[in-house]
There are 4 protein chains.
Amino acid sequence: MKIVVIGGGSSYTPELVGGILEHHRSFPVSQICLVDVTDGAAKQEAVAGFCRRMIRKAGLEGKISLTATLDRRAALPGAAFVISQFRAGGMAAREKDELLPLPHGIVGQETTGPGGFAAALRHIPAALELAADMERLCPEAFLINFTNPSGIVTEALQRRSRVKCIGLCNIPLTMQRVLAAILNVAPERLELAFTGLNHLSFVTRVLLDGRDVTAEILSAPETALFWIGDFPEIGLEEARHLLRALGALPSPYLLYYYFPRQTFAAAKRRAEEGKNRAREVMAIEEELFQLYRDPQVDEKPALLSRRGGAFYSEAAVSLMRALCGGGPARQVLNVQNGSAIPDLPPEAVIETNCLIEGGAIRPFSPGPLPAAFRGLVQQVKAYEQLTVEAAVKGDKGAAYLALLNHPLVGGADRVRALLDNILRENAPWLPQFG
Amino acid sequence: MKIVVIGGGSSYTPELVGGILEHHRSFPVSQICLVDVTDGAAKQEAVAGFCRRMIRKAGLEGKISLTATLDRRAALPGAAFVISQFRAGGMAAREKDELLPLPHGIVGQETTGPGGFAAALRHIPAALELAADMERLCPEAFLINFTNPSGIVTEALQRRSRVKCIGLCNIPLTMQRVLAAILNVAPERLELAFTGLNHLSFVTRVLLDGRDVTAEILSAPETALFWIGDFPEIGLEEARHLLRALGALPSPYLLYYYFPRQTFAAAKRRAEEGKNRAREVMAIEEELFQLYRDPQVDEKPALLSRRGGAFYSEAAVSLMRALCGGGPARQVLNVQNGSAIPDLPPEAVIETNCLIEGGAIRPFSPGPLPAAFRGLVQQVKAYEQLTVEAAVKGDKGAAYLALLNHPLVGGADRVRALLDNILRENAPWLPQFG
Amino acid sequence: MKIVVIGGGSSYTPELVGGILEHHRSFPVSQICLVDVTDGAAKQEAVAGFCRRMIRKAGLEGKISLTATLDRRAALPGAAFVISQFRAGGMAAREKDELLPLPHGIVGQETTGPGGFAAALRHIPAALELAADMERLCPEAFLINFTNPSGIVTEALQRRSRVKCIGLCNIPLTMQRVLAAILNVAPERLELAFTGLNHLSFVTRVLLDGRDVTAEILSAPETALFWIGDFPEIGLEEARHLLRALGALPSPYLLYYYFPRQTFAAAKRRAEEGKNRAREVMAIEEELFQLYRDPQVDEKPALLSRRGGAFYSEAAVSLMRALCGGGPARQVLNVQNGSAIPDLPPEAVIETNCLIEGGAIRPFSPGPLPAAFRGLVQQVKAYEQLTVEAAVKGDKGAAYLALLNHPLVGGADRVRALLDNILRENAPWLPQFG
Amino acid sequence: MKIVVIGGGSSYTPELVGGILEHHRSFPVSQICLVDVTDGAAKQEAVAGFCRRMIRKAGLEGKISLTATLDRRAALPGAAFVISQFRAGGMAAREKDELLPLPHGIVGQETTGPGGFAAALRHIPAALELAADMERLCPEAFLINFTNPSGIVTEALQRRSRVKCIGLCNIPLTMQRVLAAILNVAPERLELAFTGLNHLSFVTRVLLDGRDVTAEILSAPETALFWIGDFPEIGLEEARHLLRALGALPSPYLLYYYFPRQTFAAAKRRAEEGKNRAREVMAIEEELFQLYRDPQVDEKPALLSRRGGAFYSEAAVSLMRALCGGGPARQVLNVQNGSAIPDLPPEAVIETNCLIEGGAIRPFSPGPLPAAFRGLVQQVKAYEQLTVEAAVKGDKGAAYLALLNHPLVGGADRVRALLDNILRENAPWLPQFG
């Protein structure tokens, strides 16, 4: 059982390796191969060394081999799973995604809005190159995509390659944990129904031991409190009212859509204070890599939990284990719609509850989107599909239309300058627009 | 927890009560109320007496009360589940269903073809009357429908009443057992994917411990042997070739469609020998009721297994237990299509795998029907919907079109005489055509 | 041939009557019955008197009788067509629709945004009452709806009554005239393909004598100039770029969506100058009614053309004549979607090209919405359907969700205050929220 | 304006050329290029010579040039229209299509049932080769397909090439003429609504001067008389009852489906008498070619009308003229479904009323198929799509499934022998199964 990790030098990798070690008995991986680009070579070396110490500490030294390479094509043959978690342009590019839109009057965010759009333009061509290699070198392997914006990148992969690709995100697991904490129960006792898109999903039903507690959850003040998170600009009462009216709990990324002025104000304030999430992460990563390089350290640092992406390894390992057989498993995944949500195109990638069984994935039928948020999901999916088209073809017209259709851009008059800015600032990673 | 059984005098009832007793610990029923019509009063008394002895023997005398009545409206209030298993006109009407089509050159069968059509005309108005009573007297109860043709009756109920209705059939469980026997494994290790309609379903995938063994099953000679059952007229080689070409295992009822001349010949031969299934069942029932009436007998007679309807109680009890809460359960049910099978109308009732959780039922998304049998399923669904229309409105034009559309009728020139014959022979149970 | 006009006291009525007189030969109306509410009695009398003079002048005195009444139920029997053009609350309510949203930071407009929402809440219950009367008194009559927001009111009528209802708007005819002027050709030589919703439609193709001139039209500077109309705040270059990128010419109402900040600024500026469209119309109407009351005047005043609603009578008379038989006719209408636009729900009312023939209306199949504006149309349709639900049921939750989903509201935090304001200011016309 | 005719040696060609000459003023063709295979060279020479005389007689000698060649690739460049009317294997192959199924107990027919299936296997690969040449040599040309089975061949072309392809059939025009004769009115006064597939279409509405006369037509005894045509085995009363029940007039090809035993008996009887349609046509053609070769003859022989395919040239010329521009035109065509008939797959080719305008074709929205014949149309479409798959890939499994799904085959036990027989007898034209 061989796993190839694209973007092996990520500070997340030890989290993933930790998950693999923890479940080794039920999911016996024998080979982990880290792959990164030249720029990431040093980081990958540090990560690889640390991960080998983790393996040794777990007493699995003979059982799991871990290698690191810059040659993707050498790594792929024999892979059962390829995990894509690369980030073109690194944290510096992410920082641009977060800051660039602000002077245009639009929020900056890694996956949502123009920031996510820029990331999609950078990541889709690279993801398709990876998939083309997989088609030749390991056509039976599953591609598990964490590369953001995960839903859009997964849709590009689904439509433009024959590789078996699944999009994954840690948000559904995080929401389950948070709701469990609010209800003060073990997370396993909760079953959440999700519908929508990646970073645009809604929990439409919460079962506790099979009993429907959705209404209870939606009116609990803690739920609204969790939901608004670190946006003090958003009124708690407004949030509570909204949750009850929606009849569903939206992913926290929906705050950008429901409270555009407040989230923009917060982003602007933070930027003016010299803060942004990219920079915070860079600071954390610096510390993390120091620990990774320390030959004494052989345990996942507590600090890693502040890096974001909690439960990321759990999501990945659960999925891979389920795809390898064994009993049926349920998980929230990004998969092709088919007729699961009849309000969205069949080829659209959606985020919803799936059954994994016999090496195959079947989405449940969430059915029509509730009128309460149907239009928003359709509008964002239209943006996503235009973005895929723009990214694949390097089509400026499609790129213009994609931004025009994004609900957060707020006016056709902003689009041209914004697009020019994005293309200029990301030029090194956008050969398709060359 | 109160269960009302409509058609309580059926010889099946002890099977159902046996299932309830067996699972009493996890599914604590406290009240079983049998309901039948005046003509069935004597049989119901016999059944009730026998079932009470079963309850006593199980040591549950104080815990489960069993009553029998002819007054449906008195029985319904307080019901959590209503099980419909009545048969208008009894076995005599079934015998007509099996014999009447033969002189017209068409096979006679209880649920398929003109026989099933006649049964639908008789049963739909009665089922809708029951549902109307439930809407008033126990609107929260689930109606579990076994009354045949189960898929058509369930569609009529779904479309014409607000009662929560689920159609159930024992065929999916039977197929699982047979395939388990062929593979020589425990049935629980198999997971079968069903798509299609009641008595027109196809197993498109068989998993053994999560491993796909569909191709293996389809080429095993035992599978074809089981499938053709007691139709020696059908060539084994033809059947094997067909199964492999379809890439799916059809329900044995599909034999009528794929081998119309052989199944007709068999039906005709049996009729000429004075045999038919209705008459066999009547003979078995006579023996059964003798046993039921014997105050010494307090155990389910072995003979009951020859009555047909194996696993019927297992299907019913599993479903009711799952609907009452507890963990999620999976079962093959007859439910409204929505967008689960996009080739069929949203309001159509289909037979497919469902997840039961939190008191609600969600079908999986079997997705588009394979081209190999899509057209047949669509054609039969068109027949079914015309039948519902004819039965509800007493519309002779719709009845003509229904028979015209049935693939086994074989020509417009046969329809009028056939329809006249059906309406005449079933007149006492067809007030809507009066 | 009897035509009943609901809202007979409207200053538009002479326009309609003029159209009827002009086409009397091919469409021989014999009776026109004006109906209005008590508040409109005086205006209706003035209009009726003037229209009788028009009839006399046209030499049709014996052939067309024109009556005016306040008793709708007396007027309906025998009607072949009922034209709905009423406005609950009159121009004063319209002024509120235009001004109320401004302090909330949102544009005010008669049909678009919160203003149109308020009008829908007022008009839908009244329209449904009219339809209920028609179902009893003239069930075969067509209801031609001009009452705004015409698409939403028509959808409510389609879904909540059995009356044959068609929504009509003068915008498609206006756009045809304007494009003809730009191309310097006779309007009849142009054929425009429309898709979308009322006041949210797009011209996707322009044929001149059967030759496709869409690209030519979209890049002509005059087209952008016409399109931006009296919004000097909108940059001409931006508009031209947008038109070319969309590949379609949007209705001028789309300016509100594509240039929300500029159109809001314009509305605010005008309000601060004490101007708004309602007030302008009131001034024009005052003059118009003076003319209508003048017994010397028997010709449609030139001033009427400044009232808005050009080609309104042409649209209505063409439609009625086509529905009465004769050859096939083509017109842009608001009709039920069915499968014409597969991205929208089947029950949605859409605005698209239709064929009228044999007394029936068939929409052409515009097919899937272009990705360039699919999401926006879907989002606005979701708003519209929530608005219908809110208006019909007096459901505050649905009303909240409707405003939340409107792209121009711009944030959940604004919804509650805005909704309270609308409900309070329109209370006399909103008994359903009582 | 250049037209290329593939299968130029057909006896039909003069009919087509006659149509072109008749409409030369409104549709000024300048070049007609006949193309045939070596086997057809002699016939094509005869046809070409005759057609040149027709041109001379029409006084258009200098204006229209007519050439004949065996080199398709030389002929295609510059073509505006390519008309495909070839028949692989000629009349001898057609005779086989008509006779081969009979010993299997199945009717033999040129386009319906196993005969049409065999023709599809022969014609699809050849049609795709033609389309591949067109993609290179005249990518802007329209391909007008008459090659039978026209609907299936057109679907293969639509799905497997980028050529703009339209399927055409003379049946809709024939039905219009016949109904006009029954009503004793000029055909132009009738407007017929068609839905369904080629040779499986239904007239759902007949308008006479815009007035609905469908019910009248359906109950007229002449309609049933026309419909049953030369099948005396079919009872007139049964046919009349069927037409009224269907509420639509089916194409005469539906007789094979609604009266399978009678049409089979008729085919068998004729075969036993040594008659079949192929042989009749061969006899007619022999006479025709004698006339074509006669240098004195320069007028379309009356005999041609007995050849079948009446109105074929009218359909083709109308379509080509409409596609060249000018005003809008309406015609019944075989086009891609999209969402026009929501019960059929979007990629399916359907036969329905279309609007031709601006060089583009838009089907009207016939909407859902009536339940009365929905299932049959769906079943036959499933057969058609399996046939396309089999023909394109040379896939015996798909071929087996195609025949299994054809309603006229009547049993899985017949399929293998039938398929082997078809593949053996047509081997020279089925390289894809080699």
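Procedures and definitions
Residues numbered from 1 in each chain as written. Chains lettered and ligands numbered in written order. Predicted model: local features only at pLDDT ≥ 70, side-chain atom pairs only at ≥ 80, totals over all residues. Heavy atoms only, no water. Helix = DSSP H or I, 4+ residues; strand = E, 2+ residues; numbered from the N terminus. Buried < 20%, exposed > 50% of the residue type's maximum accessible area, 1.4 Å probe, protein only. Polar contact = N/O pair within 3.5 Å; in protein donor to acceptor, adjacent residues only side chain to side chain. Contact = heavy atoms within 4.5 Å. Buried area = accessible area lost by both parts, 1.4 Å probe. Salt bridge = Lys/Arg side-chain N within 4 Å of Asp/Glu carboxyl O. Expected span 1.5 Å × (residues − 1). Phe/Tyr/Trp six-rings, centres within 6.5 Å; stacked < 30°, edge-to-face > 60°. Least-squares fit on C-alpha atoms with pLDDT ≥ 70 in both. Nonpolar A, V, L, I, M, F, W, Y, C, P; charged D, E, K, R; others polar. pLDDT = per-residue confidence, 0-100. Axes fitted to C-alpha atoms, helices over the stretch in contact; angles between N-to-C directions. Parallel < 35°, antiparallel > 145°, perpendicular 65-115°, else oblique. Left-handed = near helix turned anticlockwise from the far one by under 90°. Pairing = 2+ DSSP bridges. Right-handed = clockwise from strand over helix to strand, strands pointing away.

Draft legend 1. Structural view of the side chain of A:Thr13. Residue and element names in this part refer to chain A. Within the secondary structure layout, threonine 13 lies in helix α1 (residues 13-22). According to the relative accessible area criterion, threonine 13 is buried, its value standing at 0%. Looking at threonine 13, its side chain comes within polar contact range of the main-chain oxygen of glycine 8, at 2.7 Å. Within polar-contact distance, the side chain of threonine 13 engages the side chain of glutamine 85 at 3.0 Å. With sequence-adjacent residues up to four places away left out, threonine 13 is seen in contact with Gly7, Gly8, Leu34, Val47, Cys51 and Gln85.

Draft legend 2. Region of interest: the interface of chain D and chain C. In this complex, chain D contributes 21 residues to the contact, which on the side of chain C involves 21 residues. Interface of chain D and chain C: buried area, both sides summed, is about 1,800 Å²; carbon and sulfur atoms make up 47% of it. Taken together, the links from chain D to chain C amount to four salt bridges. A salt bridge links D:Arg205 to C:Glu357, with the shortest nitrogen-to-oxygen separation between them at 3.8 Å.

Draft legend 3. Expanded view of helix α15 (residues 371-393) of chain A. Here α15(A) is 23 residues long and its end C-alpha atoms lie 34 Å apart, about the 33 Å a rise of 1.5 Å per residue gives. Just beyond α15(A), the residue with positive phi is A:Gly394, at close to 60°.

Draft legend 4. Up close: the arrangement of the chains. A minimum C-alpha distance of 12 Å separates chain B and chain C, which share no contact. At the level of C-alpha atoms, the two units chain A and chain D stay apart, their nearest approach being 12 Å.

Draft legend 5. Fine view of the packing of aromatic side chains. All told, the structure shown has 46 aromatic pairs over all chains when counted by the stated rule. Pairing A:Phe202 with A:Phe373 gives two aromatic rings, centres 3.7 Å apart and planes at 0°, and the pair type is stacked. Taken as a pair, A:Phe202 in strand β8 (residues 200-208) and A:Phe373 in helix α15 lie far apart in primary sequence, 171 residues in all. One exposure class covers both A:Phe202 and A:Phe373, and it is buried. Look at B:Phe117 and B:Tyr383: their rings are 6.5 Å apart centre to centre, the planes differ by 45°, and that puts the pair in the tilted class. You can see B:Phe117 sitting in helix α5 (residues 113-137) and its partner B:Tyr383 sitting in helix α15 (residues 371-393), a full 266 residues away along the chain. Considered together, B:Phe117 and B:Tyr383 belong to a single accessibility category, that of buried residues. Three or more aromatic residues joined by ring pairs make a cluster, and in this case those are A:Tyr12, A:Phe146 and A:Tyr312.

Draft legend 6. Quick look at the relation of the copies chain A and chain C. Least-squares fitting of chain A to chain C yields an RMSD of 0.0 Å, with the transformation described by 0.0 Å of translation along the axis and a rotation of 180°. Here the two chains are linked by the operation of a two-fold rotation axis. Looking at chain A, 100% of its interface residues are interface residues in chain C too, so the copies touch through the same face.

Draft legend 7. Here's a closer look at the interface of chain A and chain C. Facing the 35 residues of chain A at the interface are 35 residues of chain C. A combined buried area of about 2,900 Å² lies between chain A and chain C, and 50% of that area is made up of carbon and sulfur atoms. Together, A:Arg374, A:Asp413 and A:Arg416 form the three largest contributors to the area buried by chain A at its contact with chain C, with a combined 19%. Between chain A and chain C we count four salt bridges in total. The partner of A:Glu238 in a salt bridge is C:Arg416, and the shortest N-O contact between them spans 3.3 Å. Inspection of the chain A/chain C interface yields 14 residue pairs in polar contact (both at pLDDT 80 or more). A per-element tally of the side of chain A that touches chain C places α15(A) first, with twelve residues. Taken together, the residues of the side of chain A that touches chain C break down into 17 nonpolar, nine polar and nine charged.

Draft legend 8. The arrangement of the confidence of the model for chain A in detail. Mean pLDDT for chain A: 95, with 99% of residues reaching 70 or above. Taken over the whole predicted complex, pTM reads 0.91, whereas the ipTM for its chain interfaces reads 0.95.

Draft legend 9. Geometry of the packing of helix α5 (residues 113-137) of chain A against α15(A). Residues and elements named next belong to chain A. Running from N to C, α5 and α15 cross one another at 45°; their axes reach a closest spacing of 9 Å. Judged by the inter-axis angle, α5 sits oblique to α15. For the element pair α5 and α15, the recorded crossing hand is right-handed. Across from Gly113, Gly116, Phe117, Ala120, Leu121, Ile124, Pro125 and Leu128 in α5, the residues of α15 making contact are Tyr383, Thr387, Val388, Ala390, Ala391 and Val392. Along the lines of polarity and charge, the residues of the contact of α5 with α15 split into eleven nonpolar, three polar and no charged.

Draft legend 10. Spotlight on the pairing of strand β3 (residues 65-69) of chain B. Residue and element names in this part refer to chain B. When strand β2 (residues 31-35) meets β3, the two strands line up parallel, connected through five bridges. When the bridges of β3 are listed, cysteine 33 appears paired with threonine 67. Viewed along the sheet, the connection from β2 through helix α2 (residues 41-57) into β3 turns out right-handed.

Draft legend 11. Just unusual backbone geometry, in detail. All names here are of chain A. The amide bond that connects asparagine 148 to the next residue, proline 149, takes the cis arrangement and shows omega of -10°. For proline 149, the location among the structural elements is in the loop between β5 (142-145) and α6 (150-160). If you check the backbone angles, asparagine 184 has positive phi at about 60° while not being a glycine. Mapped onto the secondary structure, asparagine 184 falls in the loop between α7 (171-183) and β7 (190-197).

Draft legend 12. Highlighting the pairing of strand β4 (residues 81-84) of chain A. Residues and elements named next belong to chain A. Side chains Phe81 and Ile83 project from β4 onto one buried face, and the interleaved Val82 and Ser84 project onto a second face that is buried too. By the bridge criterion, four bridges tie strand β1 (residues 2-6) to β4 in an arrangement that is parallel. By the bridge assignment for β4, isoleucine 3 is matched with phenylalanine 81. One ladder, built from four bridges, connects β4 with β5; its direction is parallel. Bridge pairing links isoleucine 83 to isoleucine 144 in β5.

Draft legend 13. Seen up close, the relation of the copies chain D and chain C. Take chain D, turn it by 179°, move it 0.0 Å along the axis, and it overlays chain C with an RMSD of 0.0 Å. A share of 100% of the interface residues of chain D reappears at the interface of chain C, consistent with the copies meeting face to face through the same patch.

Draft legend 14. Broad picture of the pattern of salt bridges. Applying the stated criterion to the full structure yields 136 salt bridges over all chains. With a closest N to O distance of 2.9 Å, A:Asp97 and A:Arg122 form a salt bridge. Of the two residues, A:Asp97 sits in helix α4 (residues 90-99) while A:Arg122 sits in helix α5, which places them 25 residues apart along the sequence. Take A:Asp97 and A:Arg122: they sit in the same class, and that class is buried. D:Arg189 is the salt-bridge partner of D:Asp209, the closest N and O atoms lying 2.5 Å from each other. A residue pair is termed long-range when its members are at least 10 positions apart, and D:Asp209 in the loop between β8 (200-208) and β9 (211-212) and D:Arg189 in the loop between α7 (171-183) and β7 (190-197) qualify at 20 residues.

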